[in-house]
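Structure assessment
Chain residues, written in single-letter form:
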Amino acid sequence: MELKSCKKLYLKETHRVKSPEETFEIVEPLTEVAGITRVADITKLDRLNIPVFSCIRPGAADGAISVYNGKGATPIAARVSAIMEGLERYSAELQQTDQDQLVTGKYPVLAEEFEVLDPVELILPEAIDPDAVIPWTTCSEFLFSEDGELQSEDLLVPAAAVYHPLPPHYYSIFRTGTNGIASGNTLEEATFHAMCEVIERDAWSLAEAGKTGGKLIVDIDDPDISNLIDAFKNAGVDVFLRDITSDIGVPTIAAVSDDVELKDPTLLCLGMGTHSSPKIAALRALTEVAQSRATQIHGAREDATIADVRKQIGYERTKRLNAKWFDDTVTISWNDLKDISTDDFLDEIKNTIRALNDVGLQTVILKDLTRPELGIPVVHVIIPGIESFAIDSDRMGVRSKAARAKASKTGSRVRKYVRET
C-alpha cells in the first residue's frame, strides 16, 4: 500500500480535502447502499443549539449498534459526520468477501511461514491459548526506510483487531471495537484521522489510569472556540477545556460539561479531541460534548448504559467521582499549546509515526476497509502497545500501568481538591 502527498484544501472548523458541502454531495446518495434509513437533526432536543445529527442503520450486524451520531460546528458538518460514521460502521463489518480472504491458524505455526503480529502486542485481557485457531487478515505495516521514506510491508493481524463486530463462530482474542476506524475523502485523510483517534484514546486512558484530568486551559482567545463556549454558558452549562496531551505530543484536549441548572448526573459529559492543531482538537472536544448531551437526551443509543449508573448514584456523587476533570489547581494558557499541523496529510502521517516511534511505539498498522460499492475511503489503524483502557477496562498495558503506578507513588492532588470542595 502506498500513501501519497495529499494537500489540505479545507481548513476552517476541521482539516479536510473537501468542504462538508462537497463531501455531502458525494456521500448522501450512498446512504441507501449502506443500509442507512434515516439521518435526523436532533439539535433541538438540547438547549445548546450546537448541531448534532443522528444516523440510523437498522440492518447493522449482530453485536453492533445501529444508531450513530455526528457532530460539527455547522449543521452540514454534523450531518456529514453522522453519515460518515454510518459508512464507517458498514465498512468495518466482516463481509462475505472478507471471510473468503481470512487466514485461520495458530500463531506459532503461521509465524514459521508468514510475517505475523504477536497477539500479545495488542494488550490482551487474558493469556491467549497457544492452541487457539485464530482468524487473521492481511494488513500493511508502515515503517521508515533508511533514507527516511515511508514504506509498507504485509503483516498478518488478528481479525478481531480489524473488524467490528467479529461473528461469534470465530475465536476472538478480545472484545472488538471501533477505535481507530475512520473515513475520509482520501485514504490519507482517513488514515490521519484514524491515527488521531487512537492517540486520543491512549491519552484518555493515561489520564484515567493516572487519576489526572490534565491542565485546565485558560485565557482562550480564539473566536471560534469562544463562540462554542458561549453557547454552553448562555444555556446555563459550565464547560471547561483541559490539556491531556500525552508524551506522544499530538495535542489532545478534553472538554467537560456540567449542567448547573438541571444538575442531571447523566449530563456531566466528557468530550475528546486530538489533532495536530490544538484549535481543531478543542472544537472536536466541544462538539463531542454537545453530541454526548444530545445523545443522552435522545436516548436512542444501545450502548448508553453509563447513564443508568449515574442516575442511581446521583449528581453530587458522580461529580465527586469525576473530580479530576474539575480540578483547577494546574492551568495552561491557550497560547502555550503548540500547533504542529502541516498543509499535507502525508506529512501529518509521517510526523505522527515519528512521534509514536519516539516513545517506543514502533509499529503502525493499516487495514484498508474501503468497500467498492461505496468508494469512500475507510481505514482501521492499529498501533500495538497503545492504550485503550478508558474504553475497555479489561485491557491495561504497560503505559497505563506506569501511569497508575506513578499516581500511587506521588499521591493525587485530586484527593486534596475533593476534600477542599
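That block above? That's the structure.
Before going into details, it helps to say that this report is about the structure given with it. The structure presented is a predicted model; accordingly, all values stated were derived computationally and were not measured. (Residues numbered from 1 in each chain as written. Predicted model: local features only at pLDDT ≥ 70, side-chain atom pairs only at ≥ 80, totals over all residues. Heavy atoms only, no water.)

1. Brief notes about the overall build of the protein chain
- Across its full length, the protein chain carries 12 helices and 14 strands.
- Along the first, second and third principal axes, the C-alpha set of the protein chain runs to 60 × 55 × 45 Å.
- When burial is assessed residue by residue, the protein chain has 57% of its 421 residues classed as buried.
- Residue pairs at least 24 apart in sequence account for 69% of intrachain contacts in the protein chain once pairs closer than 6 positions are excluded.
- Total accessible area on the protein chain is roughly 18,600 Å²; 48% of this is exposed by carbon and sulfur atoms. (Helix = DSSP H or I, 4+ residues; strand = E, 2+ residues; numbered from the N terminus. Buried < 20%, exposed > 50% of the residue type's maximum accessible area, 1.4 Å probe, protein only. Contact = heavy atoms within 4.5 Å. Areas by Shrake-Rupley, 256 points an atom, 1.4 Å probe, with all protein chains shown as cover.)

2. Details of the environment of Asp 264
- By the element assignment, Asp 264 lies in the loop between strand S10 (252-259) and strand S11 (270-274).
- Accessibility expressed as a relative area gives 25% for Asp 264, which makes it partly exposed.
- Distance in space between the C-alpha atoms of Asp 264 and Arg 47 is 14 Å, their sequence separation being 217 residues.
- Excluding anything up to four places from it in sequence, Asp 264 contacts Asp 259 and Tyr 315.

3. Let's talk about the pattern of salt bridges
- Evaluation of the coordinates by the stated rule reveals 22 salt bridges.
- Close ionic contact of Lys 106 with Asp 131 constitutes a salt bridge, the shortest N to O distance being 3.9 Å. One end of the pair, Lys 106, is in the loop between strand S4 (103-105) and helix H4 (107-110); the other, Asp 131, is in the loop between H4 and strand S5 (134-144), with 25 residues separating them in the sequence.
- Exposure remark for Lys 106: the relative accessible area of 32% places this residue in the partly exposed category.
- Using a relative accessible area of 51% as the deciding quantity, one classes Asp 131 as exposed.
- Ionic pairing is found between Asp 394 and Arg 175, a salt bridge with its closest N-O pair at 3.8 Å. Placement of the pair is Asp 394 in the loop between strand S14 (378-382) and helix H11 (398-410) and Arg 175 in the loop between strand S6 (150-158) and strand S7 (181-183), with a sequence separation of 219 residues. (Salt bridge = Lys/Arg side-chain N within 4 Å of Asp/Glu carboxyl O.)

4. Concerning the pairing of S6
- Alignment of S5 against S6, held across nine bridges, turns out to be antiparallel. When the bridges of S6 are listed, Phe 142 appears paired with Ser 152.
- In textbook terms, the turn of a hairpin is the stretch between consecutive antiparallel strands, and for S5 and S6 this stretch comprises five residues, one of which, Gly 148, has a positive phi near 85°. (Pairing = 2+ DSSP bridges.)

5. Digging into the sheet that holds strand S1 (residues 38-41)
- Pairing in this open sheet of three strands is antiparallel, and the strands run S1-S2-S3 from one edge to the other. Two strands bound the open sheet, and with one partner strand each, they are S1 and strand S3 (67-71). On average, adjacent strands in this sheet sit at an angle of 25° to one another, irrespective of strand direction.
- In the packing of helix H2 (residues 75-92) onto the sheet, contacts are made with S1, strand S2 (52-56) and S3, and the angle to S3 comes to roughly 145°.
- Here helix H7 (residues 278-298) sits on the sheet and contacts S2 and S3; the angle it forms with S3, its principal contact strand, is near 140°. (Axes fitted to C-alpha atoms, helices over the stretch in contact; angles between N-to-C directions.)

6. Regarding the pairing of S11
- Across the five residues that make up S11, a large majority, four, are buried.
- With five bridges joining them, S10 and S11 adopt antiparallel strand pairing. For Ala 254, the partnering residue across the bridge sits in S11 and is Met 272.

7. Section: the sheet that holds S11
- As summarised here, the arrangement of the five strands in space is S11-S10-S9-S8-S12, forming an open sheet in which the pairing is mixed. Every other strand in the sheet has two partners, leaving S11 and strand S12 (331-333) as the edge strands with one partner each. The mean inter-strand angle of the sheet, taken between neighbouring strand axes irrespective of direction, is 35°.
- In this structure, strand S8 (residues 215-218) lies alongside strand S9 (residues 237-243), joined through two bridges in antiparallel fashion.

8. Topic: the packing of aromatic side chains
- Scanning all chains against the criterion turns up three aromatic pairs.
- The interplanar angle of 50° and the centroid separation of 6.0 Å between the aromatic rings of Phe 192 and Phe 345 together place this pair among those described as tilted. One end of the pair, Phe 192, is in helix H5 (residues 187-209); the other, Phe 345, is in helix H10 (residues 345-358), with 153 residues separating them in the sequence.
- On the basis of relative accessibility, which here comes to 0%, the residue Phe 192 falls in the buried class.
- For Lys 319, the ring lying beneath its charged end belongs to Phe 326, and the centroid distance is 5.0 Å. (Phe/Tyr/Trp six-rings, centres within 6.5 Å; stacked < 30°, edge-to-face > 60°. Lys NZ or Arg CZ within 6 Å of the ring centre and 35° of its normal.)

9. A look at unusual backbone geometry
- In the segment running from His 164 into Pro 165, the intervening peptide bond is cis, with an omega of -5°.
- Residue position: Pro 165 is located in the loop between S6 and S7.
- Its identity is not glycine, yet Lys 211 carries a phi of approximately 55°, on the positive side.
- Here Lys 211 lies in the loop between H5 and S8.

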